[in-house]
Amino acid sequence: MPRTEIDLDPVTHITADAIGKPGQRVFYLQAWQGAQSVTLLIEKVQLQTLALGVIRFLEELSQRYPGLPPASPLYQEAAMHIQPPVDPLFRVGEMGLAYDPQRDLACLVAYELVADDRGEEEVSVVRFWCTRSQLLALSAWGLEVVNRGRPICPQCGEPMDPEGHFCPRRNGHKH
């Protein structure tokens, strides 16, 4: 498969969402630049890690650049849901964050997950350039989406299905 390299600079909107029932959800990262949209497939843990990483990243930026106005985490839920077409470009393997102080824009970089022996120069990459507020809203919404999943067992920390689950800490008894 040929390498894809896309820069949405800047995005007009960025979000993440899950489609499906808890326990069977599929997670996506999606952004638009005008009419162009890019959708990527991500894992729940990647969304959670990204959301928490964005918070730390923005805290570091505010310490490094004390004159920056604060970013806003506010979003409208209706605008944060994934929009069709939901046709992911690739599954994300790694993500990173960068910042351009001259433009006051953050960059979320997503690299394709590769299972074969392709070299780094063949890995697809998408760069989403966004405001700090867009990134913080993505983080706040991402944590909300993650928390809408199955409840966590207080005994073992594993997700519980509505009918319960096999809990190793309860000697296999359903919880």
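First things first, this report covers the structure right here in the doc.

What counts as what
Throughout this document, residue positions are counted from 1 along each chain, in the order its sequence is written. For this predicted model, a pLDDT threshold of at least 70 governs which residues receive local features, and a threshold of 80 or more governs which side-chain atom pairs are given and counted, while totals over whole chains, interfaces and linings are taken from all residues. To get the side-chain values, all heavy atoms of the structure are used, and hydrogens and water are removed first. Where helices are involved, their axes are fitted lines through C-alpha atoms of the stretch in contact, as for all axes, and angles between N-to-C directions lie from 0 to 180°. Helix and strand assignments come from DSSP, with helices taken as H or I runs of at least 4 residues and strands as E runs of at least 2, each series counted from the N terminus. Rotating anticlockwise by less than a right angle from the far helix to the near helix defines a left-handed crossing, while the corresponding clockwise rotation defines a right-handed one. We call two residues contacting when some pair of their heavy atoms lies within 4.5 Å. In the scheme used here, Gly and all other residues not listed as nonpolar or charged are polar, with Ala, Val, Leu, Ile, Met, Phe, Trp, Tyr, Cys and Pro taken as nonpolar and Asp, Glu, Lys and Arg as charged. To estimate how far a helix should extend, the number of its residues minus one is multiplied by 1.5 Å. Note on exposure labels: buried denotes an accessible area under 20% of the residue type's maximum, exposed denotes more than 50%, and partly exposed covers the range between, all computed with a 1.4 Å probe on protein chains only. A pair of Phe, Tyr and Trp rings is counted when the ring centres sit within 6.5 Å of each other, with Trp represented by its six-membered ring. The angle between the planes then sorts it: under 30 degrees is stacked, over 60 is edge-to-face, the rest tilted. Ring-over charges, as used throughout, are those where CZ of Arg or NZ of Lys falls within 6 Å of the ring centre and within 35 degrees of the ring normal. Two strands qualify as a pair provided that DSSP identifies no fewer than 2 bridges between them.

Look at helix α1 (residues 44–64) against helix α3 (residues 132–147): their axes get within 9 Å of each other, and the N-to-C directions meet at 145 degrees. The interaxial crossing formed by α1 with α3 has left-handed handedness. Contacts from K44, L47, Q48, L50, A51, L52, V54, I55, F57, L58 and L61 in α1 reach R132, L135, L136, L138, S139, G142, L143, V145 and V146 in α3. Residues belonging to the contact of α1 with α3 are distributed by class as follows: 15 nonpolar, three polar and two charged.

We now examine α3. Between the first and last C-alpha of α3 there are 23 Å, a value that for 16 residues agrees with the 22 Å anticipated at 1.5 Å per step. By the burial criterion, the buried members of α3 are R132, Q134, L135, L136, A137, L138, S139, W141, G142, V145 and V146.

Our focus in this paragraph is the packing of aromatic side chains. If you walk through the whole model with that rule in mind, you get two aromatic pairs. Plain terms: the ring middles of Y65 and Y99 are 5.4 Å apart, the flat faces sit at 50 degrees to each other, and that makes the pair tilted. With Y65 in the loop between α1 and α2 (77–80) and Y99 in strand β5 (residues 92–100), this pair connects stretches of sequence that are 34 residues apart. Between Y75 and W141, the ring centres sit 5.5 Å apart and the planes meet at 70 degrees, which makes this aromatic pair edge-to-face. Of this pair, Y75 sits in the loop between α1 and α2 while W141 is found in helix α3, placing the two residues 66 residues apart along the sequence. Between the NZ or CZ atom of R103 and the centre of the ring of W129, over which it lies, the distance is 4.9 Å.

This next bit is on the sheet that holds strand β2 (residues 13–19). Within the open sheet, the three strands sit side by side as β2-β3-β4. Their pairing is antiparallel. If you trace the sheet from one side to the other, it starts and ends with β2 and β4 (36–42), each paired once. Taking each pair of neighbouring strands and ignoring which way they run, the sheet shows an average axis angle of 20 degrees. Both strand β3 (residues 26–33) and β4 contribute to a ladder of seven bridges, which runs antiparallel. Note that in β4 the partner of Q30 across the bridge is T39. In this fold α1 packs onto β2, β3 and β4, with an angle of close to 110 degrees to the strand it touches most, β4. Against the sheet, α3 contacts β2 and β3, and its axis sits at roughly 10 degrees relative to β2.

Function-wise, these values are silent; they only describe arrangement.
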